[in-house]
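Single-letter residue listing:
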Amino acid sequence: MLQPNTHSQTDKTVLVIADLHLLANDVGKSQLFERFCQQAKSVDQVFILGDLFNTWLGDDLSLPYYQAIIQLLKDLSKSADVLIMTGNRDFLLNQTFVQQTNCRLINTPYLLELGKHQYVLTHGDELCTDDESYQQMKSILQHPITKAIFVRLPKQWRLKLSGQLRKKSINAQQAKSREIMDVNPQTVNELMAKYPDADLIHGHTHRLNTHVEKAFTRYVLGDWSDSKGNAIKITSQSLSRLEIS
Ligand SMILES: [Mn+2]
């Protein structure tokens, strides 16, 4: 007699992280990520919701800097399905990165279905619509034409340009209020209206918290320091927070 498939999609365990902002020379945080990868080897899927890397200036330029991290991702991919969404810092991740790591790049928003539960996964910066200058800058920088031109520039130019952009961005952030840089509730509601049965998981704002709204719960992932990281663990039965240390 045929047995029901006990390893169906509904049984899987999933880990979700975001905003590690890894730097090539940041040994502490790289080791923390290594410990996370050890824990993650026993799960089915790992979602990285953007800004895994602090800067990514094209696969040809940035891959050599991050070889230790690339190796960790490659090893993790052997036991878990690793799905990566780009953030505002690493939106130039591309196919050579995919080939070297065997991770998959996914679009935002991504609908994750686990048992009876649905989760909308997104980096979160597109929800911060009060920050109009940021959204304007994003639409220029992440435009396919801009990206295509940028990755063809000489490496030295790219390094210089990214340094200049970073300085501008830091200055701009200092002049903005905390509220402007958080998600806009109406934008969140508009997104979630398209997914009436789902909860929301996002990063970007670095404000780890759980907001229980009428129609959905919004789980915000925190960023990682050199000594402490955070993740969300989901099964078909439950959702819980994990601390990585
Ligand atoms: Mn971000």
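Above this text you will find the structure in question.
Residues numbered from 1 in each chain as written. Predicted model: local features only at pLDDT ≥ 70, side-chain atom pairs only at ≥ 80, totals over all residues.

Novice: Please set out the overall build of the protein chain residue by residue, giving values where relevant.
Specialist: When helices and strands are tallied, the protein chain shows eight helices and 11 strands. In summary, the protein chain has a C-alpha radius of gyration of 18 Å against a globular reference of 18 Å for 245 residues, a match within 12%. Principal-axis analysis of the C-alpha atoms places the extent of the protein chain at approximately 65 × 40 × 35 Å. Each of the 245 residues in the protein chain was classed as buried or not, and the buried ones make up 31%. Contacts spanning at least 24 positions in sequence make up 70% of the contacts within the protein chain whose residues lie at least 6 apart. (Helix = DSSP H or I, 4+ residues; strand = E, 2+ residues; numbered from the N terminus. Rg over C-alpha atoms; globule rule 2.2 N^0.38 Å. Buried ≥ 20, exposed ≤ 12 C-beta atoms within 10 Å, placed from the backbone. Contact = placed C-beta atoms within 7 Å.)

Novice: Quick one: what's the story with unusual backbone geometry, residue by residue and with numbers?
Specialist: The amide bond that connects Thr108 to the next residue, Pro109, takes the cis arrangement and shows omega of -5°. Summarising the element assignment, Pro109 is placed in the loop between β4 (104-105) and β5 (110-114). With a phi angle near 75°, His204 is a residue other than glycine that sits in the positive phi range. Within the chain, His206 stands out as a residue other than glycine whose phi angle is a positive 60°. You can call His206 partly exposed: it has 16 C-beta atoms within 10 Å.

Novice: Quick rundown of the sheet that holds strand β2 (residues 45-49)? Include the residues and the values.
Specialist: Strand order in the open sheet made by the six strands is β4-β3-β2-β1-β10-β11, with mixed pairing throughout. Where the open sheet ends on each side, the last strands, each with one partner, are β4 and β11 (239-244). Pairing of strand β10 (residues 229-234) with β11 involves six bridges; the strand directions are antiparallel. Residue pairing across strands places Ala231 opposite Leu242, the latter belonging to β11. (Pairing = 2+ DSSP bridges.)

Novice: So what's going on with the sheet that holds β5? Which residues, and what values?
Specialist: Strand order in the open sheet formed by five strands is β5-β6-β7-β9-β8, with mixed pairing between adjacent strands. Each having just a single partner strand, β5 and β8 (209-212) make up the two edges of the open sheet. Recorded for the sheet is a direction-independent mean angle of 20° between the axes of neighbouring strands. (Axes fitted to C-alpha atoms, helices over the stretch in contact; angles between N-to-C directions.)

Novice: Residues and numbers for the nonpolar core, please.
Specialist: Ranked by internal contacts, the top residues of the largest apolar core, which has 50 residues, are Val16 and Ile48. For Ile48, the residues in contact, after removing those within four places along its chain, are Ile17, Ala18, Ile84 and Met85. (Core = buried A, V, L, I, M, F, W, Y, C linked by C-beta atoms within 7 Å.)

Novice: Just give me the short version of the packing of helix α1 (residues 27-40) against helix α3 (residues 67-79), but keep the residues and values in it.
Specialist: Two numbers describe how α1 lies on α3: the axes approach to 10 Å, and their chain directions differ by 5°. In terms of axis orientation, α1 runs roughly parallel to α3. For the pair α1 and α3, contact is made by Ser30, Phe33, Glu34, Cys37 and Ala40 and by Ala68, Ile69, Leu72, Asp75 and Leu76, respectively. Taken together, the residues that form the contact of α1 with α3 break down as seven nonpolar, one polar and two charged. (Parallel < 35°, antiparallel > 145°, perpendicular 65-115°, else oblique. Nonpolar A, V, L, I, M, F, W, Y, C, P; charged D, E, K, R; others polar.)

Novice: Please provide a residue-by-residue account of the environment of Leu32, values included.
Specialist: If you trace the backbone, Leu32 turns up in helix α1. A tally of 21 C-beta atoms within 10 Å means that Leu32 is categorised as buried. Taking the C-alpha atoms as reference points, Leu32 and Gly229, separated by 197 residues in sequence, lie 7.4 Å from one another. Not counting residues within four places of it along the chain, the set of residues in contact with Leu32 comprises Trp224, Asp226, Ser227, Gly229 and Ile244.

Novice: Describe the pairing of strand β1 (residues 14-17), with residues and values.
Specialist: Residues of β1 alternate between two faces, with Val14 and Val16 on one and Leu15 and Ile17 on the opposite face, all of them buried. Across four bridges, β1 lies against β2 in parallel orientation. Each bridged residue has a counterpart across the sheet, and for Ile17 the counterpart in β2 is Ile48.

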